[in-house]
Amino acid sequence: MTTKGDTESTGQDNGHGGRSRIERYEPAAIEPKWQQRWADLRLYDTDLDDRSKPRYYLLTMYPYPSGSLHIGHWYIITPTDAIARYRRMHGDNVFLPIGFDAFGLPAENAAIKNNINPRDWTMANIETMRGQLRSMGATFAWDAEVVTCDPDYYRWNQWLFLRFLEKGLAYRSVSAVDWCPNDGTLAREQVEGTDRRCWRCGAQVEKRELPQWYLGITNYADDLLDFGGIDWPDPVRIMQTNWIGRSSGAEIVFETAPSPHHAGGEELRVFTTRPDTLFGATFMVLAPEHPLVAALTAPERKAEVDAYVAQSAAKTEIDRLSTDRDKTGVPIGADAINPVNGARIPIFIADYVLGTYGTGAIMAVPAHDERDFAFAQKFGLPIVRVVMPRGADPDAPLTEAFVEKAADFAPAGPPEHHGLLGGILDEVDLLTRGRTATEQIVMVNSGEFTGRPAAEAWHQIVSSLEEQGKGRQAVTYRLRDWLISRQRYWGTPIPVIHCEQCGAVPVPERDLPVLLPETVDYQGSGDNPLARDEAFLNVPCPQCGAAARRETDTMDTFIDSSWYWFRYLSPHKSDGPVDIDKVRDWTPVDQYTGGAEHAVMHLLYSRFFTKAMQDLGLVHEAEPFRRLFNQGQILGADGERMSKSRGNVQDPDELVARYGADAVRLFLMFMGPWDQGGPWSPTGIGGVGKFLNRIWAITLDPHGREPGDPSGGVLPEGETEEVARHRMHAAAHRTLRDVTADYEDFRWNTMVAKLMELSNLLSRYRGTPAAGRREWDEAVELLLLMLAPAAPHITEELWARRLEARGEAWESIHVQRWPELDERALAEATREVPIQVNGKLRDKVTVPSDTSERKLEKIVLEREKVVAAMGGRKPARIIHAGGGRLVNIVLED
RNA sequence: GCGACCGUGGCGGAAUGGCAGACGCGCCUGGCUUAGGACCAGGUGGGGAAACCCGUGGGGGUUCGAGUCCCUCCGGUCGCACCA
């Protein structure tokens, strides 16, 4: 690379022993120049009203302004920028906006630590990062920039919240949050490890019941399972499907039995996906926090039950869910009645049953559920087998739960998280497997249902319960409503006022935005500084005018990112969050790029917001992003996540200073497939540097030669100038064909490799009589055009110099049309055919391209090596692989 | 445990079921140089003097033909994790 001597040789020696006729490639001398020029010409501002060209909304996940860009940002942004440039060369009106995800904890923590204002910290970081983003040569539409901590942005978070509130999509409810005794409430990600400790002080985090604000994402659960019309990677769709966790089954009503202390007759509802196993329910388990626990507990059990409830309340959810934990629980001294056979079964509480899922109560069928089995074994409870493979011995003792179920006999519906993931398995395969299993699993010990296939009984039992009013088909989701309250300063204030008379009153729209106070005491004792800011807190109730207090919770910052791409279209609109006409013209986003770590949270919230905003009449679309691409993650050289604390962060500015932005861009694209990422290693960046030097040399100095080139000035052995010219023409167009396909599919590594091949070929002809001829010129031009989206600066510079040399007026390479493919150039006069005998490669023969199969067979069978390989045996048949790519002679046995 | 993805030279990685290892790094040889961590040319999967043989995590299968498709085992990465 050119860089090494930069400091030592101070440019007086050009590194080529003083022989070269051209100055060397100095990225530092050309890159800022062109960046400035592009900005001055406003080359990349998008006219959103221009309908003369097809629109292309290209979106990349906006960064958090953490302080500076790291190489991972470049890894996302570089190819995204290349897509933008490539689409423009195809005549699309490309919109590539950028902004900053500017609310969040790091700013607040930095404020506490350094005693500066979170806003100042954030805005300073944004300024730094803007400069870095410009240094990459990325073509962002800066005039559409959105900064989420700007009141002009977050007021619309508040406005949307009020609309959600009106619609019943936002509500307040009491729930448990993580609470650190020293630092107050913590976000989920601030609680570390399985022992749940505070990341700052290391104290054990506890749960606190607090009134919190929620958004009703579960209302859209089934809609969110429908991925129709969007082209997203399977892994993301699968993760979202699993996260939503739709389970269809039945809700079944058990009644409590009368006892000495109790009249009985209370209804206990359970959710099960296996109503077919109802006869095997030998006990019942309630979550410790189940509302009926206190009422049902027998007096003599009270002490023990209370102790268990207290004990599990002290535990975190993580502890409770830990799989390897032993089952614990206590009987509450009451029984329930199995509605299907009238059996009295004991009721337990146990923390393996979650209060937040289903009905917070289960019927336990130990024979057919591993967890229930373990519990029954520990507590010596009966285990009754009720389904089994046809022909099995119903009385054989079970050593483990038999959980095999008869395919999917639940009602058809959206994809669920167990088993059948929509369309991924072959349908026919599923049907046959399903049918077989369905017939093979039969009922036993189940009264009138005994002997029937379990799949039938599933439905019959549900209908029979339904008739008696003791149950119904039901669907449950793992997905819960979105808790958006954060007891933090640096976020969007939730626009609500609490009045003793009127309750929680929405802030009137005319009073928006509820501004974050500029100066607060964020140095305080760890709770939300807003809660101590009397000026902020005290307001009159908008309804009755009495003294009232503001809500002090702020919104989860995922709210900001749930609709920001709509705002890019009208960032300064002051009478509403979005411009519905622009939204109609420009969304859904054509291509979204970003990391897979947002597969569930951000991408699910964004889909929810879009659907909710559609229902509010704000937008016309049900889906935000038509196509999604998840690039891989760049890790530190040690294979770990890059982080300042690990000291494995690669500073991109340093690389740009050494190698230039184009080389860094190209190297990131060349490393490997974009969706793969991998450990960072700068070894090899010199390779793309060499490539750029070569482009520089062949463009500016076709007739030059490098010192010591032994083949310099001479065409390859046996090659005429005619042949060389034809080869250049063919190679240029073959490269164009392949590179175009690679751009379309984001295969940057092979794209760069193919351009390297073309430049290697031209380099071989440099200084020979073939150099500088028409075909040479054409190949160089194609090479520059094809490279332009990936390495925008060097190509712009060389393009300008070519124009200048030809006395033509300057026009940016980045407004040129993508070259047209000349199909005729691809045709070769001859082709080389590999010859296999019994599938093994034995020989190759070069024949005229129009050789017929029959003629080719004749030629092939006369080849010396082929005859030898055939060893006197006769061909049974001869395979011609597609289009004469290969011949395979299959011999008789 | 469940789900998804992935195993190819010393390294990053190529390869619509059809010549395995494109392209690059590194390394070797030579050239050019006062010099080179610059530049140019050639070579570089393993074994073998060669003919040739062997090679895409292991084993099986489908096929004229498998890195690619199917089954199975082993190893790795990510996500979920008592969700009834």
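Computed from a predicted model, the values in this text were never measured in an experiment. (Residues numbered from 1 in each chain as written. Chains lettered and ligands numbered in written order. Predicted model: local features only at pLDDT ≥ 70, side-chain atom pairs only at ≥ 80, totals over all residues. Heavy atoms only, no water.)

Caption draft 1: Spotlight on the overall build of chain A. Looking only at helices and strands, chain A features 28 helices and 33 strands. The buried share among the 893 residues of chain A stands at 52%. Sequence separation of at least 24 residues holds for 73% of the intrachain contacts in chain A that already meet a minimum separation of 6. On chain A, roughly 39900 Å² of surface is accessible, and the fraction owed to carbon and sulfur atoms is 50%. (Helix = DSSP H or I, 4+ residues; strand = E, 2+ residues; numbered from the N terminus. Buried < 20%, exposed > 50% of the residue type's maximum accessible area, 1.4 Å probe, protein only. Contact = heavy atoms within 4.5 Å. Areas by Shrake-Rupley, 256 points an atom, 1.4 Å probe, with all protein chains shown as cover.)

Caption draft 2: Examining the pattern of salt bridges more closely. The full count for this structure, using the stated rule, is 55 salt bridges. In this structure, Lys 33 and Glu 797 form a salt bridge, with 2.7 Å as the shortest nitrogen-oxygen distance. You can see Lys 33 sitting in helix H2 (residues 27-40) and its partner Glu 797 sitting in helix H25 (residues 792-805), a full 764 residues away along the chain. What makes Lys 33 partly exposed here is its relative accessible area of 42%. Within this structure, Glu 721, Arg 725, Arg 773, Arg 774 and Glu 775 form a network of salt bridges that share partners. (Salt bridge = Lys/Arg side-chain N within 4 Å of Asp/Glu carboxyl O.)

Caption draft 3: Fine view of the sheet that holds strand S30 (residues 830-837). Ordered in space as S31-S30-S33-S32, the 4 strands form an open sheet in which the pairing is mixed. Every other strand in the sheet has two partners, leaving strand S31 (840-848) and strand S32 (875-881) as the edge strands with one partner each. Shown here is a sheet whose adjacent strand axes are inclined to one another by a mean of 20°, direction ignored. The sheet contacts of helix H27 (residues 853-862) involve S30, S31, S32 and strand S33 (886-891), and relative to S32 the element is tilted by about 120°. (Pairing = 2+ DSSP bridges. Axes fitted to C-alpha atoms, helices over the stretch in contact; angles between N-to-C directions.)

Caption draft 4: Highlighting empty space enclosed by the protein. Under the counting rule described, the total for this entry stands at 2 cavities of 30 Å³ or more. One number sums up the size of the largest cavity: a volume of about 50 Å³. Taken together, Asn 157, Leu 160, Phe 161, Phe 164, Leu 215, Ile 484, Met 555, Ile 559 and Phe 609 form the lining of the largest cavity. When residues of the lining of the largest cavity are assigned to their parent elements, the largest contribution, 4 residues, is made by helix H6 (residues 151-166). (1 Å grid on protein atoms, 1.4 Å probe; cavity = no way out; pocket = protein on both sides within 12 Å on 5 of 7 lines; lining within 4 Å. Points joined across faces, edges and corners; volume = space filled by probe spheres on them.)

Caption draft 5: Looking closely at unusual backbone geometry. Note that the residue after Leu 512, namely Pro 513, is joined by a cis bond; omega there is -5°. By secondary structure assignment, the location of Pro 513 is in the loop between strand S22 (503-506) and helix H15 (534-537). Note that the residue after Thr 587, namely Pro 588, is joined by a cis bond; omega there is 0°. The residue Pro 588 is located in the loop between helix H17 (580-586) and strand S26 (591-595) in this model. Here Arg 42, not a glycine, exhibits a phi torsion of approximately 50°, which is positive. Residue placement: Arg 42 occurs in the loop between H2 and strand S1 (55-60).

Caption draft 6: Highlighting helix H12 (residues 370-379). Regarding H12, the residues found buried are Asp 372, Phe 373, Phe 375 and Ala 376. All buried residues of H12 project into a common sector of 165° when viewed along the axis, lining one side. Summarising the geometry of H12, the exposed residues directed more than 90 degrees from the buried face are Glu 370 and Gln 377. Buried-residue contacts for H12 involve strand S12 (283-286), strand S14 (344-349) and strand S15 (361-364). (Arc of directions from axis to C-beta.)

Caption draft 7: Structural detail: the pairing of S12. Across the two faces of S12 the burial is the same, with Phe 283 and Val 285 and Met 284 and Leu 286 all buried. Strand direction decides the pairing type here: S12 and S15, joined by 4 bridges, are antiparallel. Along S15, the bridge assignment pairs Leu 286 with Ala 361. Examined bridge by bridge, S12 and S14 share 3 bridges and lie parallel to one another.

Caption draft 8: Spatial organisation of the environment of Ser 312. Structurally, Ser 312 is set in helix H10 (residues 302-314). For Ser 312, a relative accessible area of 2% gives the class buried. Measuring from C-alpha to C-alpha, the distance between Ser 312 and Ile 685 comes to 56 Å, with 373 residues separating the pair along the chain. A polar contact is formed between the side chain of Ser 312 and the backbone oxygen of Val 309, at a distance of 3.2 Å. (Polar contact = N/O pair within 3.5 Å; in protein donor to acceptor, adjacent residues only side chain to side chain.)

Caption draft 9: Helix H18 (residues 601-615), seen in detail. Compared with an ideal rise of 1.5 Å per residue, which puts 15 residues at 21 Å, H18 spans 21 Å between its outermost C-alpha atoms and is within 8% of the ideal. Of all the 15 residues making up H18, 12 are buried; the element is thus mostly covered by neighbouring parts of the structure. Those residues of H18 not exposed but buried are His 602, Leu 603, Leu 604, Tyr 605, Ser 606, Arg 607, Phe 608, Phe 609, Thr 610, Lys 611, Ala 612 and Met 613. A positive phi of about 75° marks Gly 617, the residue just after H18. (Expected span 1.5 Å × (residues − 1).)

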